[in-house]
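Here are the chains, one letter per residue:
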Amino acid sequence: MQKIVLTICSINYLAQAKSLGDSLLQHNPDYTFLIGLVDRLDQSSIDKSQLPNYPLIELHSIGIEDLDELCDKYNITELNTAVKPFFMEYVYNTYPEAEMVHYFDPDILVFQALSDIETPLKNHSLVLTPHILSPYPDTSRPQETDLLNTGIFNLGFLGTKRSPNTLEFLGWWKERLRDQCYIDLANGMFVDQLWVNFAPVYFDDVYISRHLGLNMAYWNLHERTLTGENIPYTVNDAVLLIFFHFSGYHPENPTEISKYQNRYTFQEKPDVATIFDQYAQILIKNGHEMYKKFPCFYIKTPELKPRKRFLRVRKYLSLPFQKVVNFIDKVQI
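Reference entry: report on the structure contained in this document. What you see is a predicted model; the values in this text were computed from it and never measured.

Moving on, we get to the side chain of N165. Residue position: N165 is located in helix α7 (residues 164-179). Of note is the side chain of N165, whose polar atom sits 3.3 Å from the side chain of D204. For N165, the residues in contact, after removing those within four places along its chain, are S125, F203, D204 and D205.

Following this line, the structure appears as structure tokens:
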């Protein structure tokens, strides 16, 4: 039985992807690790010898209908999330021996065997992890209202097994993300995550994991404490840490847990300081400074919006009156 972990990124995130793959195979040597690349190697100046030693599946090669339209529609964050079910379906179709295909964001490290993901999949098709399992204790960010806007479940991880329900789910998810994967909170959209709120309703074999060691991240630090200075780490002195999600962390800002939160500093949450320091060192070792310099092929140049005539009028109103008259005379109505 083949088991696969898929991640998706552009060239500038290959240090994160390599770090994920290395950690996965260290503890799960029976897995295959694949990188879905939202980029074009033939349009990049990167030397092929600088690429990680994992299979890279380029976005344009997986047969997405009207890909150009999809790319024109979304910014790079939206595009990377919109193509997730397309890549997962492609992997199932291309690797007929694959019985499990899990998605992991590239900014994750794996610290144990994935048996706590595999076990629920014996009787279920999908495994989801909620952002939090208990209420927030204060008014710092994120808040429960933030999660109402961005999703109950974190889609930096999705566990799946080959089944009719999984393929039906991926087909449904694909159709939603093809046209409705925007970051548009006012209209109830936040990339791929909000749609998956429906998954436990639409599909009857979705497993919602309450395992504290799955998908530990900045959004659930209020309910999880890490013990240990190295592997194995323990969460709340109760369960092993399976994987940690370093969402919003950048080695360039080593004193900040995540750019998306203001609840904790490392001084206030010293139990996670060591693991973040280790992650920074791993990223540096795996070429973060090199990879981050490569622009993504699919990033669109911002449009230069035409200047509004009222702005020009306001400018001329600051000039002497006769110049305003001359300006108005020249304007064609």
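Now that the structure has been shown, we can carry on.
Let us look at α7. An α-helix turns once every 3.6 residues. As a result, residues three or four positions apart point the same way. Here α7 spans 24 Å end to end across 16 residues, near enough to the 22 Å set by a 1.5 Å rise per residue. Three or more residues of α7 are buried, namely N165, T166, F169, L170, W172, W173, K174, L177 and R178. Against α2 (67-73), α3 (76-82), α4 (84-94), β6 (126-128), β7 (157-160) and α8 (199-202) lie the buried residues of α7.

Once that is clear, we can look at the packing of aromatic side chains. Here the structure, examined in full by the defined rule, presents 23 aromatic pairs. Between F198 and Y202, the ring centres sit 5.1 Å apart and the planes meet at 10 degrees, which makes this aromatic pair stacked. Given the relative accessible area of 45%, Y202 is considered partly exposed. Here the aromatic cluster, defined as three or more aromatic residues joined through ring pairs, consists of F169, W172, W173, W195, F198, Y202 and F203. The lysine or arginine in question, K269, covers the ring of Y264, its NZ or CZ lying 5.9 Å from the ring centre.

Let us look at the nonpolar core. Core analysis: the biggest nonpolar cluster contains 43 residues, and L59, L79, V83, F87, F169 and W173 have the highest contact counts within it. Elements with a contribution of two residues or more to this core: β1 (2-9), α2, α3, α4, β4 (98-104), β6 and α7. The contact partners of L79, leaving out residues within four places of it in the chain, are V38, L59, L70, C71, Y74 and Y298. L41, F104, L114 and F243 belong to the second largest nonpolar core, which has 30 residues in total.

Here the focus is the pairing of β7. Judged by which residues are buried, β7 turns out to be covered on both faces: F157 and G159 on one side and L158 and T160 on the other are all buried. Across 2 bridges, β4 lies against β7 in antiparallel orientation. Bridge pairing links F104 to F157 in β7. Relative to β7, β6 is paired through 2 bridges, and the arrangement is antiparallel. The residue bridging L126 from the neighbouring strand is T160, located in β7.

What follows covers the packing of helix α1 (residues 14-27) against helix α9 (residues 273-285). Helix-helix packing: each pair is described by the crossing angle between the helix axes and the interaxial distance. Two numbers describe how α1 lies on α9: the axes approach to 9 Å, and their chain directions differ by 115 degrees. Accordingly, the angle class assigned to the pair α1 and α9 is roughly perpendicular. Judged by the sense of rotation from one axis to the other, the crossing of α1 with α9 is right-handed. Counted together, A15, Q16 and S19 of α1 and Y279, I282 and L283 of α9 form the full contact between these two elements. Per-class residue counts for the contact of α1 with α9 are 4 nonpolar, 2 polar and no charged.

Conventions used here
- Starting afresh in each chain, residues are numbered from 1 along the sequence in its written order.
- Only residues with pLDDT of at least 70 get local features here, since the model is predicted, and only at 80 or more are side-chain atom pairs given and counted; chain-wide, interface and lining totals rely on the full set of residues.
- Note: side-chain values were computed over all heavy atoms of the structure, leaving out hydrogens and water.
- Secondary structure elements follow DSSP: runs of H or I of four or more residues count as helices, runs of E of two or more count as strands, with numbering from the N terminus.
- In the analysis that follows, any N or O atom pair within 3.5 Å is treated as a polar contact, provided that within protein one partner can donate a hydrogen and the other can accept it, and provided that, for residues neighboring in sequence, both atoms belong to side chains.
- Contacts: residue pairs with any heavy atoms within 4.5 Å of one another.
- Multiplying 1.5 Å by the helix residue count minus one yields the expected span of that helix.
- Using a 1.4 Å probe on the protein chains alone, a residue whose accessible area is under 20% of its type maximum counts as buried, one over 50% counts as exposed, and one in between counts as partly exposed.
- The aromatic pairing rule takes the rings of Phe, Tyr and Trp, using the six-membered ring of Trp, and pairs them if the centres are within 6.5 Å, calling planes under 30 degrees apart stacked, those over 60 edge-to-face and the rest tilted.
- Note on geometry: a ring has a charge over it if NZ (lysine) or CZ (arginine) is within 6 Å of the ring centre and within 35 degrees of the ring normal.
- Put simply, buried Ala, Val, Leu, Ile, Met, Phe, Trp, Tyr and Cys residues joined by side-chain atoms within 4.5 Å make one nonpolar core.
- Any two strands with at least two DSSP bridges between them are considered paired.
- Fitting a line to C-alpha atoms yields each axis, with helices limited to the stretch in contact; the angle taken between N-to-C directions then spans 0 to 180 degrees.
- Note that the term roughly parallel is reserved for angles under 35 degrees, roughly antiparallel for angles over 145, roughly perpendicular for angles of 65 to 115, and oblique for everything else.
- Take the far helix as the reference: if the near one is turned anticlockwise from it by less than a right angle, the crossing is left-handed, and if turned clockwise, right-handed.
- Three classes are used: nonpolar for Ala, Val, Leu, Ile, Met, Phe, Trp, Tyr, Cys and Pro, charged for Asp, Glu, Lys and Arg, and polar for all others, with Gly counted as polar.

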